[in-house]
Amino acid sequence: MTALPLSSDALDAGWPAFVQAIQEFITRLGLTRLQLECDHAALRVNSVAAADALRLAFSRRGQVISEAKINGRPILIIKLDEPLQLGPMAVECIELPYPGDKHYPQEGWEHIELVLPSQARDCQALAAELLARVPALAPVLAGDTDIEVKLSSPKGDGERLANPTIAFKAGPLCIKLHPHSIQAIVASEAQTQQHRPG
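Nothing here was measured: the structure is a model prediction, and the numbers come from that model.

(A) Summary view of the overall build of the protein. Counting its secondary structure elements, the protein contains five helices and eight strands. When the helices and strands of the protein are placed in sequence order, the string is α-β-α-β-β-β-β-α-α-β-β-β-α. Within the protein, the fraction of its 198 residues that count as buried is 46%. Residue pairs in contact within the protein that sit at least 24 positions apart in sequence constitute 67% of those at least 6 positions apart. Of the accessible surface of the protein, which amounts to about 10500 Å², a share of 52% is contributed by carbon and sulfur atoms.

And the structure:
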């Protein structure tokens, strides 16, 4: 029997459990007191059919504000008419990546991204700022705990803002921190396109 593609109803039903798990992870990392903005929540899907179905469903609840190619695959950013609530944080955007080479053991909600306001242009500077604000993260950033840490600088075609990212992963959950919101990044792409010679 073939599994049905992931639906927006299934995502809505799974949201409260995801929120609880993510909030516990935020607390474990000591990030709660920073009162950061959650700029988007990201999905993971394994088939183009599931991505197409979710694109259609979320387009009825908001609008696609970006469709960038990152690492060779389309990634949509959908701004919701009504933000999702993640505790005290309003989540205005959904990131919907089309599948790449990787097969995810579990489809659905996978990570959130938090904005740590900063002028950092690389991961080392961002990590140093984070450590200054949350010294208890020292063993985590040093790789001395069961939390996996990944530093990266993902960049879509045409982005003008440097947006270094620190990802914390524990089991299926992931929290990413970066200096600029996804909407600021989308705006930087639009500026680049306006300045391109026609």
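(B) Local environment of helix α3 (residues 123–133). Those residues of α3 not exposed but buried are C123, L126, A127 and L130. End-on view of α3: buried residues confined to an arc of 100°, all on one side of the axis. In α3, those exposed residues whose orientation departs by more than 90 degrees from the buried face are Q124 and A132. The inward-facing, buried residues of α3 contact α4 (138–141), β6 (148–152), β7 (165–170) and β8 (173–178). Between a side-chain oxygen at the N-terminus of α3 and the backbone nitrogen of Q124 the separation is 3.2 Å; the capping residue is D122.

(C) Broad picture of the environment of A21. In this fold, A21 is placed in helix α1 (residues 8–29). Here A21 falls in the partly exposed class, since its relative accessible area comes to 22%. In the structure, A21 is positioned 152 residues away from L173 in sequence and 7.8 Å away in space, judged by C-alpha atoms.

Calculation rules
- All residue numbers refer to position in the chain's written sequence, counted from 1.
- Since the coordinates come from a predicted model, pLDDT governs what is reported: local features require at least 70, and pairs of side-chain atoms require 80 or more to be given and counted, while whole-chain, interface and lining totals use all residues.
- Side-chain figures throughout are based on the complete set of non-hydrogen atoms in the structure, without hydrogens or water.
- Numbering of helices and strands runs from the N terminus; a helix is a DSSP stretch of H or I covering at least four residues, while a strand is a stretch of E covering at least two.
- Only protein chains enter the calculation, and the probe is 1.4 Å; a residue is then buried if its accessible area is under 20% of its type maximum, exposed if over 50%, and partly exposed in between.
- Whether two residues are in contact is decided by their heavy atoms: any pair within 4.5 Å suffices.
- Reported accessibility uses the Shrake-Rupley method at a 1.4 Å probe radius. Residues are deemed covered only where the shown protein chains occlude them.
- Each direction from the helix axis to a C-beta atom contributes to the arc, which is the arc of those directions.
- In protein, a polar contact means a hydrogen-donor-capable atom and an acceptor-capable atom, both N or O and within 3.5 Å, with residues adjacent in sequence counting only if both atoms are side-chain atoms; elsewhere, any N or O pair within 3.5 Å suffices.

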